[in-house]
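# Structural description and commentary
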Amino acid sequence: MSGVRRLGARWRRRRPLRTRLALAASAAVALVAVGVCAAAFFVIRYELLHQLDLSLTQSATRVVQENRGEGPQIIAGECRFLSAPACAQVVPADPAADPEAAYLLPVSAPVREVAAGTRAPYFSNVTRFGHSLRMLTTPFGDGRALQVALRADPVERGVRQAAVLLSAVGGAGVLLAGVLGYAVSRTGLAPVARLTSTAERIAATRDPRHRIELPPGPPGRQDEVTRLAASFNTMLGELEQSVSAQRRLVADASHELRTPLTALRTNAELLARADRLTPAQRERASGALGRQIREVTGLVNDLIELARDEEPLPLVEEVRIAELAEHTVAMARTHWPRVRFELEVGPGAAEAVRPGVPARLARLLTNLLDNAAKFSPPDAPVEVGLTAYGGGGGLELSVRDHGPGIAPEDLPYVFDRFYRAEAARALPGSGLGLAMARQIARAHGAELTASAAPGGGALFTVVFGGEGP
């Protein structure tokens, strides 16, 4: 039995889903068709026999009424013809009382029992005169039984014709079930076939721009397969954006790395011929090589940081944002000695804490401070503010400079990777600092925005929600 199950499971796995669905639908419809035909056959057979039995009962009633006082005898014996009345005979319980003439209908022990009153009336099938007869045996009174018989071959012929007709109908129903099952499977699985074809085409071409065509109709009334196709299209859209972003990142990183790597190779080749250089030239080449190595190292580290979308959970702890801001501003003053940094902590913000990774939050603020310091004039401060807002413990961290500000056409792209405005192309940096800052903010459940500051300059704001990430 288990072997049969395994063979059946193996067969199902090897057959396409469309074939299995067509077979299942066809089998269900065919089973219903065969069941209906079988039920109709039994109903027709029962009704035909029931009508014959009613005719026998009516004939018996008429014979009893017409021959109430007669003894054992053959009353009518012409039932061999279809148009003749029923054969009828009266049989006594005691065989010794039989008439001299032979009976036309068979007399058996059950007939004597009916005559004696020890057996109930019954119907039976007998063969006489070369034909099939339907016979009723019923009490006649005073120890006698009445036997009435009619030709049954018309009923049997009608039953056979009904069987042939219903078999033909059932066979046609099975064929129709097969056709309908195939049509249902083909129509019902058409979106799945399109989905499979699209997935195979994407796998072959590695191009996620393909989409599955969806049937027209309101979104709220789509079936399950259409919703699956719509979800697959949404997934393809996300995949396309991801692939596009990855390609753009690789292209931008390649472009940004090309210049420092070329300079590195040039200085390395120059230092390889150090015997031809003066000490001053060797010192300049060595210093340039060191700066370029640090620049490439910083760029690679930034790329690695950007490749990480989530913060490692083991490093998350409760961070006091005010203390973190004080530490980061102090480090910025050391790194940018010519720029004046001012920190202002508002009421209720000094004790506020948020779950996060301290080093990453410090990197966020450091990137904002470095960006502000690059554009800030020597006589203008970089203003850092930390304020609490709302009743849920929300925090807002702002960094403002008094530089040239952000042009309106550059504002939508300031957080894009490697994007650098025209005014910033001559300044040091890779164009990844702000993109990294936004990624860190979002990983901590905060939102980083940029805007033009009132009176000139740029304003960057980090808003922490009341409940944290």
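Look up: the structure comes first, before these words.
Residues numbered from 1 in each chain as written. Predicted model: local features only at pLDDT ≥ 70, side-chain atom pairs only at ≥ 80, totals over all residues. Heavy atoms only, no water.

## Observations concerning the side chain of Ser376
Formally: Starting at the N terminus, helices and strands are each numbered in turn, a helix being any DSSP run of H or I of at least four residues and a strand any DSSP run of E of at least two. Contacts described as polar in this section are N or O atom pairs within 3.5 Å, which, within protein, must combine one atom able to donate a hydrogen with one able to accept it, while residues neighboring in sequence count only if both atoms come from side chains. Two residues qualify as a contact provided that any one of their heavy atoms is within 4.5 Å of a heavy atom in the partner residue.
For Ser376, the location among the structural elements is in the loop between helix 9 (358–375) and strand 9 (382–389). Looking at Ser376, its side chain comes within polar contact range of the main-chain oxygen of Ala380, at 3.1 Å. With near-sequence residues (within four places) excluded, Ser376 lies in contact with Val339, Pro381, Val382 and Asp401.

## Regarding the sheet that holds strand 9
To keep things clear, this is the line we draw: One bridge is not enough; two strands pair if DSSP finds at least two bridges between them. Only C-alpha atoms enter the line fits that serve as axes; for helices the fit covers just the stretch in contact. Angles between N-to-C directions range over 0 to 180 degrees.
Judged by pairing direction, the sheet is mixed, and its five strands sit side by side in the order 7-9-10-12-11 without closing on themselves. Looking at which strands have only one partner, the edges of the open sheet turn out to be strand 7 (341–345) and strand 11 (446–452). This sheet shows a mean twist of 15 degrees between the axes of neighbouring strands, independent of strand direction. Packed onto the sheet, helix 8 (residues 321–335) meets strand 7, strand 9 and strand 10 (394–400) and runs at close to 170 degrees relative to strand 7.

## Description of helix 8
Quick reminder: α-helices carry 3.6 residues per turn. Residues three or four places apart thus point the same way. Counted only if it meets this: The span you would expect from a helix comes to 1.5 Å times its residue count less one. Each residue is assigned to one of three classes by its accessible area relative to the maximum for its type, calculated with a 1.4 Å probe on protein chains only: buried under 20%, partly exposed between the two thresholds, exposed over 50%. Of all possible arcs, the one meant is that of the directions from the helix axis to the C-beta atoms.
Between its first and last C-alpha, helix 8 extends 21 Å over 15 residues, near the 21 Å set by a 1.5 Å rise per residue. Within helix 8 the residues assigned to the buried category are Ile321, Ala322, Leu324, Ala325, Thr328, Val329 and Ala332. Projected onto a plane normal to the axis of helix 8, the buried residues spread over an arc of 155 degrees and lie on a single side. The inward-facing, buried residues of helix 8 contact strand 6 (317–320), strand 7, strand 8 (353–356), helix 9, strand 9 and strand 10.

## A short note on the packing of helix 9 against helix 10 (residues 433–443)
In plain terms, the rule: Left-handed is the label given to a crossing in which the near helix is rotated counterclockwise from the far helix by less than a right angle, and right-handed is the label when the rotation is clockwise. Under the convention adopted here, Pro, Cys and the residues Ala, Val, Leu, Ile, Met, Phe, Trp and Tyr are nonpolar, Asp, Glu, Lys and Arg are charged, and Gly plus all remaining residues are polar.
Taken N-terminus to C-terminus, the directions of helix 9 and helix 10 make an angle of 145 degrees; their axes are 9 Å apart at the nearest point. When you trace helix 9 past helix 10, the crossing you get is left-handed. Counting all contacts with helix 9, which are made through Arg360, Leu361, Arg363, Leu364, Asn367, Leu368 and Asn371, the residues of helix 10 involved are Gly433, Leu434, Met436, Ala437, Gln439, Ile440 and Ala441. Grouping the amino acids of the contact of helix 9 with helix 10 by side-chain chemistry returns eight nonpolar, four polar and two charged.

## A word on the side chain of Arg151
Examined against the element boundaries, Arg151 turns out to sit in strand 5 (residues 144–151). A polar contact of 2.7 Å, which involves the side chain of Arg151, links it to the side chain of Asp153.

## A closer look at the nonpolar core
How we decide: Here, nonpolar core refers to any group of buried Ala, Val, Leu, Ile, Met, Phe, Trp, Tyr and Cys residues whose side-chain atoms link them within 4.5 Å.
One finds Phe341, Leu368, Leu369, Val399, Leu448, Phe460 and Val462 to be the most contacted residues of the largest nonpolar core, which totals 40 residues. Looking at this core, the elements with two or more residues in it are helix 8, helix 9, strand 9, strand 10, helix 10, strand 11 and strand 12 (458–464). Sort the elements by how many residues they give to this core and helix 9 lands first, with eight residues. Not counting the four nearest positions on each side in its chain, Val399 is found in contact with Leu365, Leu368, Leu369, Ala372, Val382, Glu383, Val384, Ala458, Leu459 and Phe460. By size, the runner-up hydrophobic cluster in this structure holds 15 residues, among which are Val63, Ala86, Val90 and Val159.

## Quick look at the sheet that holds strand 1 (residues 73–76)
Strand order across the open sheet formed by five strands is 1-2-5-4-3, with antiparallel pairing between neighbours. Unpaired on one side and paired on the other, strand 1 and strand 3 (122–128) mark the two borders of the sheet. For this sheet, the mean angle separating the axes of adjacent strands, direction not counted, is 25 degrees.

Nothing here speaks to function; it is geometry throughout.
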